[in-house]
Amino acid sequence: MNIYKMAILKSINPYTEELNAEFETLWIDDVNKKIEISHKSYLLWKDSTLTYRKELFLNLANELEKDIDECANLETIEMWMLNHVSKAWLQKTVNLIRWFSENFEDILWEKEYETEWLKVKEFYDSLWVIFWVAPWNFPFNQLLRAAVPNILAWNTQVYKHSSNVPLTALKIEELFKKSWFPEWVYMNLFVSSSLSEDIISNKYIAWVNLTWSEWAWSAVWALAWKYIKPSVLELWWNDAFLILENSDIDTVVDYAVNWRIRNWWQACNSSKRILVPSTMYDVFLEKYTKKMSWLVMWNPMDEKTQLQPLSTLWAIEDIEKQINSAVKSWALVTTWWKRVDKKWFFFPATVLANGTKDTSSFNEEIFWPVASVIKYSDIDEAISLANWTDFWLSACVFWNDENEAIDVAKKLEWWMIFINNFAGSRASLPFWWVKKSWYWKENWPDWLKAFTNKKVVVY
């Protein structure tokens, strides 16, 4: 058993740096008791009917929709998300809950067939208690798009939300209770990461999930492997925004700016490497740098604000290290890139030019307000540069000729490729990563089936 000092989780407003609230973390004995209670709830929940579960999750969607303003305010005061952006994402989360609620019966419905003179029944069974470590960049959406299919598949869930969004974590637990879910089907845990091994080794934990960085991924994967627990792990991403010859330059500049600043740069599928043909490079870089410099940085509650503060002081320290590293490996900074004010967590939009495969920012994800603009000479080099990364999710391809853009997309080794549009996600579309970024699938039917055991009865 780990022995550790009691930790305090602090919710701090990144715009004002005022303390919203603080909470003590749980001791391991309390955590084990909660996990045991979650397992007892599982024993009842696994026998619940499809109709009953559908009703409860539709309740959850309605409760979240009614509380969108309050939930958006929580996201804004805890982790800086622009308030109007938060409302849009919360509505998207409501739609996600409804999609899974309306479709899970067909996805998990048992099947009966005959093969080789045998009758077969095939159906899905639950796992037990699932432990998930959630990220902070989309506090409601990221958590619920995992919790909803987990629990619809008859499992119960214990969640360690990110330490800087404890009020959001409590609000999600409250929403489940207001939606008339049985007690402890969904449970929030305020715990220190030092208890990870204790939690993963608990006999009632059947599955481990994490969205975080490579080092955290490695640590959790090793623990899951040690205790023979399956896991779903998502880590870094370094998506490409590929501009092809003859694209309308003003249009692609607007897209490249708007998509890179999505959620203040801190989104997995926000394109971080912009690949530009040499014939357009100088003009694109000038226009792109100018538009980045003009972005309005202010209060995240104000709809005119385009750039909000970063979530923590640590984020600012990390971004400065990564930019310095890129400069040392021959990147050129074309914008002002120092912290705006020592009192607030603001950092200006930063553009790195002249990047190559040897530039640190080309090979690592910068999850902060930085975009790398990279020159290529021909389409073969563009495809090679786009594919040159260990961390893959989605790519964007922009060209006036849609058919030729699709031909280029076929040569990209990314899972999701968007032609003349922003990368995005839908509950009904597959959403997953390749190479070192991920080993499982999110959304669509496979995401529900991931948290089940497929059973076959032969008679």
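Given the structure is predicted, the values throughout are model-derived calculations rather than measurements. (Residues numbered from 1 in each chain as written. Predicted model: local features only at pLDDT ≥ 70, side-chain atom pairs only at ≥ 80, totals over all residues. Heavy atoms only, no water.)

*Asks:* What is the right way to read the side chain of E173 from this model?
*Replies:* In this structure, E173 sits in helix 6 (residues 166–178). From its side chain, E173 meets the backbone nitrogen of N188 in a polar contact 2.9 Å long. In contact with E173, other than residues within four places in its own chain, are Y186, M187 and N188. (Helix = DSSP H or I, 4+ residues; strand = E, 2+ residues; numbered from the N terminus. Polar contact = N/O pair within 3.5 Å; in protein donor to acceptor, adjacent residues only side chain to side chain. Contact = heavy atoms within 4.5 Å.)

*Asks:* Can you help me understand the packing of aromatic side chains in this one?
*Replies:* One pair of aromatic rings is described through two measures. These are the centre distance and the angle between the planes. One pass over the structure, following the stated rule, counts 20 aromatic pairs. On the numbers, 6.1 Å between centres and 85 degrees between planes, the contact of Y15 with F346 is edge-to-face. With Y15 in the loop between strand 1 (8–12) and strand 2 (19–24) and F346 in the loop between strand 12 (332–333) and strand 13 (350–353), this residue pair connects regions lying 331 residues apart in the sequence. Judged by its relative accessible area of 2%, F346 is buried. Aromatic side chains F176 and F181 sit 4.9 Å apart centroid to centroid with 65 degrees between the ring planes, which places their arrangement in the edge-to-face category. Assigned by exposure class, F176 and F181 land together as buried. Taken together, the aromatic side chains of W45, Y52, F57, W132, Y159, F176, F181, Y186, W207 and F451 make up a single cluster linked through ring pairs. (Phe/Tyr/Trp six-rings, centres within 6.5 Å; stacked < 30°, edge-to-face > 60°. Buried < 20%, exposed > 50% of the residue type's maximum accessible area, 1.4 Å probe, protein only.)

*Asks:* Please clarify how the side chain of N150 should be interpreted in this entry.
*Replies:* Relative to the assigned elements, N150 resides in helix 5 (residues 141–152). Setting aside anything within four residues of it in sequence, one finds N150 in contact with I130, W132, N155, Q157 and F451.

*Asks:* What exactly am I supposed to notice about a negative patch on the surface here?
*Replies:* There is a patch of like negative charges on the surface, built from D401, E402, E404 and D407. With respect to the element layout, D401 can be found in the loop between strand 16 (394–398) and helix 14 (402–411). The exposure class assigned to D401 is partly exposed, which follows from its relative accessible area of 30%. (Patch = residues over 30% accessible without salt bridge, like charges linked within 9 Å, V, L, I, M, F, W, Y side chains within 5 Å. Areas by Shrake-Rupley, 256 points an atom, 1.4 Å probe, with all protein chains shown as cover. Salt bridge = Lys/Arg side-chain N within 4 Å of Asp/Glu carboxyl O. Lys, Arg positive; Asp, Glu negative; His and termini not counted. Charge placed at Lys NZ, Arg CZ, Asp CG, Glu CD.)

*Asks:* Even after reading the chapter, I still don't get the nonpolar core, so can you show me in this structure?
*Replies:* Most often, soluble globular proteins keep nonpolar side chains buried together rather than apart. Counting residues in each nonpolar core, the largest one holds 47 residues, and the members touching the most others are F57, L64, L144, I151, F176, F181 and F451. Among the elements that line this core, the one with the most residues is helix 4 (residues 83–108), at eight residues. Among residues more than four places away in sequence, those in contact with L64 are C71, L90, T93, V94, I97, F140, L144 and L175. Counting residues in hydrophobic clusters, the runner-up holds 26 residues, among them W259, V276, A349 and F398. (Core = buried A, V, L, I, M, F, W, Y, C linked by side-chain atoms within 4.5 Å.)

*Asks:* Sorry if this is basic, but what is going on with the packing of helix 3 (residues 68–79) against helix 4 here?
*Replies:* Relative placement of two packed helices is described by the angle separating their axes and the distance separating the axes. The N-to-C vectors of helix 3 and helix 4 enclose an angle of 125 degrees; their axes lie 9 Å apart at closest approach. Considering their axes alone, helix 3 and helix 4 lie oblique with respect to each other. As for the relative orientation of helix 3 and helix 4, their crossing is right-handed in sense. Note on element contacts: helix 4 touches helix 3 through N83, S86, K87, L90 and Q91, opposite I68, D69, C71, A72, N73, E75 and T76. (Axes fitted to C-alpha atoms, helices over the stretch in contact; angles between N-to-C directions. Parallel < 35°, antiparallel > 145°, perpendicular 65-115°, else oblique. Left-handed = near helix turned anticlockwise from the far one by under 90°.)

*Asks:* How should the sheet that holds strand 10 (residues 240–243) be read in this particular structure?
*Replies:* Within a sheet, adjacent strands bond to each other through the backbone by hydrogen bonds, running parallel or antiparallel. In space, the seven strands of this open sheet follow the order 12-13-14-11-10-16-17, with mixed pairing throughout. Each end of this open sheet is capped by a strand with a single partner; those strands are strand 12 and strand 17 (416–419). Inspection of the sheet shows strand 11 (residues 273–277) paired to strand 14 (residues 370–376) by five bridges, in the parallel sense. Its bridge partner lying in strand 14, P277 is registered against Y376. (Pairing = 2+ DSSP bridges.)

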